[in-house]
Amino acid sequence: LLYKSDSRASVALTTWSAGGHESGAGMGGVAGLGDIDGDLIDDFAVGAPHEDNGTHLEAGRVYVYRGVSSGVPSLTKLISMSTTFDGNCGSSIAGGSVDGSGVLKPNVLNEDGLGDFAEGEPSFSDDVATPGEGRVRVFFGAKPNGPDATPESTIEGGCDSCALGASVALGDVN
């Protein structure tokens, strides 16, 4: 069920559901992203960290949906389904934040006015020396189609079982 908030209360907008490409994908972690594609309507992402890719179990995936002013959201991007490792992509997602009045504010990291987001992959490992090091990847919003599937920045844990990306957050820290 998708909800739309207004100044009176949160009201049911429409009956809508989305599912991963397989049973047991773990789809459900949701993040409001703010406007990531420049259409002045907030967008959102849903993680499916246990989705398989045919080669690796639980490679994971992030589904990015374009917000709509009426009707149902449409899938606009599939982000980072790894073909080389089991990473649990989409285990955590961080985008916009809600201000004191309940309004979603995008986290704009590159000062272009579009919302940006981060996703965590706590099981990521690209070599046998650092199993489970994890990583966090940052994606910038872009007009007119939203973020590119290639991250703008990637941070890896660098140590055995660090599980970097088990939880992510974005915000102004200075």
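Please refer to the structure placed before this passage.
Keep in mind it's a predicted model, so treat the numbers as computed, not measured.

### Some thoughts on the overall build of the protein
Phase 1 of the analysis: Counting its regular elements, the protein contains 0 helices and 12 strands.
Phase 2 of the analysis: If you list the helices and strands of the protein from N to C, you get β-β-β-β-β-β-β-β-β-β-β-β.
Phase 3 of the analysis: Expressed as a percentage of the 174 residues in the protein, the buried residues total 37%.
Phase 4 of the analysis: Taking all contacts inside the protein whose residues are at least 6 apart in sequence as the whole, residues at least 24 apart take part in 54%.
Phase 5 of the analysis: Total accessible area computed for the protein in this model is approximately 8,900 Å², and 51% of it derives from carbon and sulfur atoms.

### Quick word on the environment of Phe-117
Phase 1 of the analysis: Examined against the element boundaries, Phe-117 turns out to sit in strand E10 (residues 117–121).
Phase 2 of the analysis: Along the chain, Phe-117 and Leu-33 lie 84 residues apart, while their C-alpha atoms are 6.6 Å from each other.

### Remarks on the nonpolar core
Phase 1 of the analysis: Counting residues in hydrophobic clusters, the biggest one holds 10 residues: Ala-31, Leu-33, Ile-36, Ala-45, Val-62, Val-64, Cys-89, Ile-93, Phe-117 and Phe-139.
Phase 2 of the analysis: Those elements giving two or more residues to this core turn out to be strand E3 (29–34) and strand E5 (61–66).

### Overview of the pairing of strand E11 (residues 135–139)
Phase 1 of the analysis: Counted residue by residue, E11 has 5 buried out of 5 residues, so it is predominantly covered.
Phase 2 of the analysis: Burial along E11 is two-sided: the residues Arg-135, Arg-137 and Phe-139 and Val-136 and Val-138 are all buried.
Phase 3 of the analysis: As paired elements, E10 and E11 share 5 bridges and run antiparallel to each other. Among the inter-strand pairings, Glu-119 is bridged to a residue of E11, identified as Arg-137.

### Looking at the packing of aromatic side chains
Phase 1 of the analysis: Tallying each qualifying case throughout the model produces 2 aromatic pairs.
Phase 2 of the analysis: Geometrically, the ring pair formed by Phe-44 and Tyr-65 is stacked, given 5.3 Å between the ring centres and 15° between the ring planes. Of the two residues, Phe-44 is situated in strand E4 (residues 43–48) and Tyr-65 in strand E5; the sequence distance between them amounts to 21 residues.
Phase 3 of the analysis: Residue Phe-44 is classed as buried on the basis of its relative accessible area of 14%.
Phase 4 of the analysis: For the ring pair Phe-117 and Phe-139, a centre distance of 5.2 Å and an interplane angle of 20° mean the geometry is stacked. Residue Phe-117 is found in strand E10, and its partner Phe-139 is found in strand E11; the two are separated by 22 residues along the sequence.
Phase 5 of the analysis: Classification of Phe-139 by relative accessible area gives buried; the value is 0%.

### Side note on the pattern of salt bridges
Phase 1 of the analysis: The full count for this structure, using the stated rule, is 4 salt bridges.
Phase 2 of the analysis: With a closest N to O distance of 2.7 Å, Arg-66 and Asp-37 form a salt bridge. Of this pair, Arg-66 sits in strand E5 while Asp-37 sits in the loop between E3 and E4, placing them 29 residues apart in sequence.
Phase 3 of the analysis: Among the residues examined, Arg-66 registers a relative accessible area of 23% and is labelled partly exposed.
Phase 4 of the analysis: For Arg-135, the salt bridge identified is with Glu-121, shortest N-O distance 3.0 Å. Within this pair, whereas Arg-135 is found in strand E11, its partner Glu-121 is found in strand E10, the two being separated by 14 residues in sequence. No difference in accessibility class separates Arg-135 from Glu-121, as the two residues are buried.
Phase 5 of the analysis: Each of Glu-119, Glu-121, Arg-135 and Arg-137 takes part in salt bridges that share partners, so that together they form one network.

### Details of the sheet that holds strand E7 (residues 92–94)
Phase 1 of the analysis: What the 4 strands build is an open sheet, ordered E7-E10-E11-E12; its pairing is antiparallel. Of all strands in the sheet, those bounded by a partner on one side alone are E7 and strand E12 (153–156). Put simply, the sheet's adjacent strands are angled 15° from each other on average, direction ignored.
Phase 2 of the analysis: Pairing of E11 with E12 involves 4 bridges; the strand directions are antiparallel. Within the sheet, the bridge partner assigned to Val-136 lies in E12 and is Ile-155.

Rules of the game
- Residues numbered from 1 in each chain as written.
- Predicted model: local features only at pLDDT ≥ 70, side-chain atom pairs only at ≥ 80, totals over all residues.
- Heavy atoms only, no water.
- Helix = DSSP H or I, 4+ residues; strand = E, 2+ residues; numbered from the N terminus.
- Buried < 20%, exposed > 50% of the residue type's maximum accessible area, 1.4 Å probe, protein only.
- Contact = heavy atoms within 4.5 Å.
- Areas by Shrake-Rupley, 256 points an atom, 1.4 Å probe, with all protein chains shown as cover.
- Core = buried A, V, L, I, M, F, W, Y, C linked by side-chain atoms within 4.5 Å.
- Pairing = 2+ DSSP bridges.
- Phe/Tyr/Trp six-rings, centres within 6.5 Å; stacked < 30°, edge-to-face > 60°.
- Salt bridge = Lys/Arg side-chain N within 4 Å of Asp/Glu carboxyl O.
- Axes fitted to C-alpha atoms, helices over the stretch in contact; angles between N-to-C directions.

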